[in-house]
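Structural features, examined
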Amino acid sequence: MPEATGTPQAVVLFDGECGFCRAATGRLARQLSLGGRLLPWQSVDLATYRLTRAQAEQRLWFVTAERRTGGAAAFAEWFATGNRAARAAGRLIALPGVRSLARAVYALVARNRHRIPGPWEHACGI
């Protein structure tokens, strides 16, 4: 894992070919003061993060030296690195009842991200 100042830095791996993914991760990181380095999975050696191409294609990943977390659970962990609102949202997403709903919503958005209207519409490689 890459390190900054002697401490492992969290990394958020996302689909860099998807305009929605690029816009959403960048906006969330800025607005919620989220930690971690945003990296398109296409630009890294996935083996460094103990991930396969198939895993990277399926979901967003939040990776630290200790853990790899994908999908909705990755958002919960990533949000824990942010401002007060982000940390509260992360705790909410991690609650047992909400966790199942978050997984379902994540899957729905992931399957349909190329259909979500916005300025990224023609930039999605899906």
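Everything below is about the structure printed above this text.
Summarised in this report is the structure supplied together with it. Going along each chain's sequence as written, the residues are numbered from 1 onward. With the structure being a predicted model, the display of local features is reserved for residues of pLDDT at least 70 and the display and counting of side-chain atom pairs for 80 or more, all residues being used for whole-chain, interface and lining totals. Only hydrogens and water are removed before side-chain values are computed, so all heavy atoms of the structure are retained for them.

Examining helix α4 (residues 84–94)
Throughout this description, buried means an accessible area under 20% of the type-specific maximum (1.4 Å probe, protein chains only), exposed means over 50%, and partly exposed covers the range between. Counting from the N terminus, the helices are the DSSP runs of H or I reaching at least four residues and the strands are the DSSP runs of E reaching at least two. Those residues of α4 that fall on the buried side of the exposure criterion are Ala86, Gly90 and Ile93. All buried residues of α4 lie within an arc of 65° about the axis, which places them on one face of the element. Away from the buried face of α4 by more than 90 degrees, exposed residues Arg84, Ala85 and Arg91 are located. Its buried side turned inward, α4 meets α3 (72–79) and α5 (96–112). A distance of 3.2 Å separates the backbone nitrogen of Ala85 from a side-chain oxygen at the start of α4, and that oxygen is part of Asn83. Arc definition: directions from the helix axis to the C-beta atoms. The contact rule is simple, with two residues in contact once any of their heavy atoms fall within 4.5 Å. For this analysis, a polar contact is any N or O atom pair within 3.5 Å, provided that within protein one partner can donate a hydrogen and the other can accept it, and provided that sequence-adjacent residues contribute only side-chain to side-chain pairs.

Thoughts on the side chain of Thr69
Within the secondary structure, Thr69 sits in strand β6 (residues 68–70). Using a relative accessible area of 7% as the deciding quantity, one classes Thr69 as buried. Looking at Thr69, its side chain comes within polar contact range of the side chain of Glu77, at 3.0 Å. Sequence-distant contacts of Thr69, defined by excluding residues within four places in its chain, comprise Leu60, Trp61, Phe62, Ala74 and Glu77.

Let's talk about the pairing of strand β3 (residues 11–14)
Burial of β3 is two-sided: the residues Val11 and Leu13 facing one way and the residues Val12 and Phe14 facing the other way are all buried. By definition, two strands form a pair when at least two bridges between them are found by DSSP. In the sheet, β3 pairs with strand β4 (residues 37–40) via four bridges, with the strands oriented parallel. Paired with Val11 across the two strands is Arg37, which belongs to β4. Handedness rule for crossovers: strands pointing away from the viewer, path from the first strand over the helix to the second running clockwise, crossover right-handed. Traced from β3 through helix α1 (residues 19–31) to β4, the parallel crossover comes out right-handed. As judged from the three bridges shared by β3 and strand β5 (residues 61–63), these two strands associate in the antiparallel manner. If you follow Val12 over to β5, its bridge partner there is Phe62.

Fair warning: the whole summary comes from geometry, so function is off the table for now.
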